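Topology and contacts: notes
What follows is each chain in one-letter form.
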Amino acid sequence: MKVLNEREYGLLERIVSLSQSELKATLAQYLKGKYKKVIVEKEYIVAVGDIPVALVAHMDTVFYNQPSEIYYDQRKAIMWSPDGLGADDRAGIFAIIQIIADGYRPSVILTTDEEIGGVGAFALTEFEKPFEDIRYLIQLDRRGSDDCVFYDCANPEFVKYVEQFGFAENWGTFSDISTICPEWGVAGVNLSIGYRNEHSEIETLHIGNMLNTIDKVEN
């Protein structure tokens, strides 16, 4: 079973402990140190990479306050908080930072206020897409271990391509890419990133599932 090393645990703990505004400021500074072109607006951050794929996550959670107590069972590789962990979607934020730290430079889209109606995604689509070449979007914001959700992306070849990495098509109602992809005319998928019982104080983050998805995205 895959577990977090000390550096990874410290990073994830910090990510879930920050407010949306604190996280946004931290991520903007981090991405400016890694990418040549970073666009920072009130509702979103976009970094333009050298891989024609964009990774998407949202910076808010459903919880008004950030967790003050965070627990990690290393034997079972599960993280939780009695305050509500907010792994939806801080797990997606962690995954994107980890992929960048591993040396990859995909484009990145980080949105605000997805949980209250996709505010950041709607604001982003008011402007022309910032990428000259983008093949598809990967949102890291789905419960469980092996779901891939395409919303209204009727592209059988893309579904088959994603499923070959060990995902199985499932159905969802809303995420940032369900707004962004139709506006930009580009395919997109939302992948499981390991959280369960989201939007509740019994939410858990299954670390092995998260790390497996990171590996698959990098592949």
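Residues numbered from 1 in each chain as written. Predicted model: local features only at pLDDT ≥ 70, side-chain atom pairs only at ≥ 80, totals over all residues. Heavy atoms only, no water.

**Here's the deal with the environment of I100**
Stated precisely, the cut-off is as follows: For helices the rule is a DSSP run of H or I covering at least 4 residues; for strands it is a run of E covering at least 2, with both sets numbered from the N terminus onward. Burial classification: accessible surface area is computed with a 1.4 Å probe over protein chains only, and a residue below 20% of its type maximum counts as buried, one above 50% as exposed, and the rest as partly exposed. Contacts: residue pairs with any heavy atoms within 4.5 Å of one another.
Its location among the elements puts I100 in helix α3 (residues 87-101). Look at I100 and you get buried, because its relative accessible area is 2%. C-alpha of I100 to C-alpha of K34: the two residues are 66 residues apart in sequence and 8.2 Å apart in space. In contact with I100, other than residues within four places in its own chain, are Y30, L31, K34, Y35, R105 and V108.

**Observations regarding the nonpolar core**
One broad trend across soluble globular proteins is that nonpolar side chains are buried collectively. Selection criterion: Buried Ala, Val, Leu, Ile, Met, Phe, Trp, Tyr and Cys residues that are joined via side-chain atoms within 4.5 Å together make up what is termed a nonpolar core.
Counting 54 residues, the largest nonpolar core has L110, L205, I207 and M210 as its most contacted members. Looking at this core, the element that brings in the most residues is α3, giving nine residues. Setting aside chain neighbours within four positions, we find I207 in contact with K2, V3, L4, L12, Y72, A77, I78 and M79.

**What about unusual backbone geometry?**
In this chain, D88 is followed by D89 through a cis amide linkage whose omega measures 15°. On the secondary structure map, D89 appears in helix α3. Residues other than glycine seldom take positive phi values, yet D113 does so here, at roughly 55°. Looking at the secondary structure, you find D113 in the loop between β6 (106-111) and α4 (119-124). Judged by relative accessible area, D113 falls into the partly exposed class, the value being 22%.

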